[in-house]
Amino acid sequence: MITIRKLIFVLIFIIVACSKDVDSSTEVNNKTQETPIQEQNNNSNNQDSNNNQNNQNSNTSTQVPFTSRSERYSAINETTGYFNNQNNFYNYTTDSLARVLHYEKDNCNSYMFSTSDQVTYDFNNDGYLDSVVFQYHSGGCNAPTYGYETGIFAVYNNFFNERTVQYFETDLRWVAGDWELNDINGDGDYEIIVWNFNRHENRDFPLKDISILDIDSNLNLTERQLEFTGYDFHNGSSGDIDNDGDIDLIKWKIGNYDQKNDQYFPKVLLNDGTGNFVEEPLLENQQELESEFYSGWGVTVNDLFDLNNDGFLDLIVGLDFGNFEPITTNYYHFDDYYKDIMILWGNEKGKFNTNDMLFLDDSNYLNIGQTFLGSLFTDYDSDGDIDLITTSTDNDYTRYAINIFQNNGDMTFTDVTESDCTQCYNNGEDFSNFYRFYSVDIDNDGDYDLVPGDVNSWAWDNVNNQFKEYLDNLYWENVGGRFEIRKEN
């Protein structure tokens, strides 16, 4: 017998289903294609999981409206996606919470919550942070491994409290490039820029360009995939590169297999102010480099920020540093650009030139090879200039390392990690690597601390055959211009 409760549920479902307007049309504009992706209804098996999610917020629960605790910067630096992400950051998502946000669609399709592919922002203006996440296909049935089949985007309302979720289809398999908030079309609302590494699990998968996600006030998601040059991305950055009042995008590869010549070097997407772009080479002297780099120049990080306070965004790039043995042959020289972190100085033209570039001298205090993962920008010593702090890992992507480069005020930097930071390296016992790093007043004492963001939640414990569980609260407190580690389970 059909109960009244079941009958009401069926009627509600019919009303909601009939109210959806499914638009299968596409619109091409300036070599881009805008394609709405359809919402996925939560199946009945996921309702208990959602209830568990609401009750398992760990240390991230906040019942008060969100107030930013971000460090503030110059006007040009606040055009960057880095600042927008940091300005809307509360805390990293813990491993324990990520586990219960795993989405089981059916026997062959489940999707892992990735804490490193997530951004938070109050999209519906209710005072609380929402979150958009890429959740990876977990494998099973005909999929040999996670990330082999297409994933889904999840949009969480009121993420740090009593969250609800909607799922949206995409043809992306692997993101892990980067996410940034920025106002692409000048309408006053943030879109999400997503750089992807779609071929991560199979080089036969298609190269993809940047995706731009639009989230409306009802938390519906529309994906617009740009159709310029496709890349294998590990990172990306956005900001007003040419100082014309709109947001431009940097594209820089990490991979090099099966790519064409026009994918070997970085490009910039210059915005016309309405969200339409023109793609151009980023480096003025690219032709000089083509004879030195037979397969192009790859980096794991490219971050925009004005470090010399001249009003133009500089570009911090790199791949490996520390005890790294670069490849050198009689014909191709990789040494200089593959073993250091570099700063390309910005100018009024919105282009960069390696003849106007600084190589950072790191102290290599750990005596290990490090892979560069991300940058943090802060005036932690209160001397009026921006210092650079980096996050990195060793080759197995299970450990973190921090390096502090103090700005000398003359376009040079000094590595002061050993004197200005306690326990800035971890061997993976209680925390993994992280791809973002934010300067926020996490302890509400009036200065800015170092807090991990985009944490790796997939580290595997081979001994116990399970995912590792890491600290729920890790940060470095600013104590009189020096950072001291704080950690809690």
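The residue numbering used here restarts from 1 in each chain and proceeds along that chain's sequence as written. Given that this is a predicted model, residues contribute local features only at a pLDDT of at least 70 and side-chain atom pairs are listed and counted only at 80 or more, while totals for whole chains, interfaces and linings are drawn from all residues. Derived side-chain values reflect all non-hydrogen atoms in the structure, with water molecules and hydrogen atoms excluded from consideration.

**Student:** What should I look at first to understand the environment of D232 in this one?
**Tutor:** Strands are runs of DSSP state E lasting at least two residues, helices are runs of H or I lasting at least four, and both sets are numbered from the N terminus onward. By the secondary structure assignment, D232 is in the loop between β12 (221-226) and β13 (237-239). Note on exposure labels: buried denotes an accessible area under 20% of the residue type's maximum, exposed denotes more than 50%, and partly exposed covers the range between, all computed with a 1.4 Å probe on protein chains only. By relative accessible area, which is 0% here, D232 ends up buried. Along the chain, D232 and N196 lie 36 residues apart, while their C-alpha atoms are 6.7 Å from each other. Within the structure, D232 has its side chain in polar contact with the side chain of Q259 (distance 3.1 Å). The definition of a polar contact used here is a pair of N or O atoms within 3.5 Å, where within protein one atom must be able to donate a hydrogen and the other to accept one, and adjacent residues in sequence count solely through side-chain atom pairs.

**Student:** What is the right way to read unusual backbone geometry from this model?
**Tutor:** Among all residues save glycine, negative phi is the norm, and among peptide bonds the norm is trans. Here the phi dihedral of N444 falls at roughly 55 degrees; this positive angle occurs in a residue that is not glycine. Judged by relative accessible area, N444 falls into the exposed class, the value being 57%. Residues other than glycine seldom take positive phi values, yet D454 does so here, at roughly 50 degrees. Tracing the backbone shows D454 in strand β28 (residues 449-455). Residue D454 is classed as buried on the basis of its relative accessible area, which comes to 11%.

**Student:** Help me understand the sheet that holds strand β21 (residues 357-359) in this model?
**Tutor:** Strands pair in a sheet through their backbones, by hydrogen bonds, and they do so in one of two ways: parallel or antiparallel. Pairs of strands are assigned from DSSP output, requiring at least two bridges between the strands. Read from one edge to the other, the open sheet built from 4 strands follows the order β17-β18-β20-β21, with strand pairing classed as antiparallel. The open sheet terminates on both sides in strands that have one partner only, identified here as β17 (301-305) and β21. Neighbour to neighbour, the strand axes of the sheet diverge by 20 degrees on average, direction disregarded. Across 3 bridges, strand β18 (residues 314-318) lies against strand β20 (residues 342-344) in antiparallel orientation. Pairing of V317 across the sheet is with M342, part of β20. Here an angle of 0 to 180 degrees is reported between the N-to-C directions of two axes, which are lines fitted to C-alpha atoms, with helices fitted over the stretch in contact.

**Student:** Is there a simple way to think about the state of the cysteines in this case?
**Tutor:** Formally, a disulfide is one covalent bond, and it connects the sulfur atom of one cysteine to the sulfur atom of another. When two cysteine sulfur atoms lie within 2.5 Å, the pair is treated as a disulfide. Enumeration according to the criterion identifies 2 disulfides in this entry. The disulfide that involves C108 links it to C141, with 1.8 Å between the sulfurs. Of note, the bridge from C108 to C141 carries an S-S torsion of about -75 degrees and is left-handed in sense. Residue C108 is located in the loop between β4 (103-106) and β5 (109-121), and its partner C141 is located in the loop between β6 (130-137) and β7 (152-157); the two are separated by 33 residues in the primary sequence. C141 gets classed as exposed once you look at its relative accessible area, which sits at 52%. Between the sulfur atoms of C421 and its disulfide mate C424 the distance is 1.6 Å. Of note, the bridge from C421 to C424 carries an S-S torsion of about 55 degrees and is right-handed in sense. One exposure class covers both C421 and C424, and it is buried. Regarding the disulfides, the protein chain carries the connectivity 1-2, 3-4 under sequence-order numbering of its bonded cysteines.

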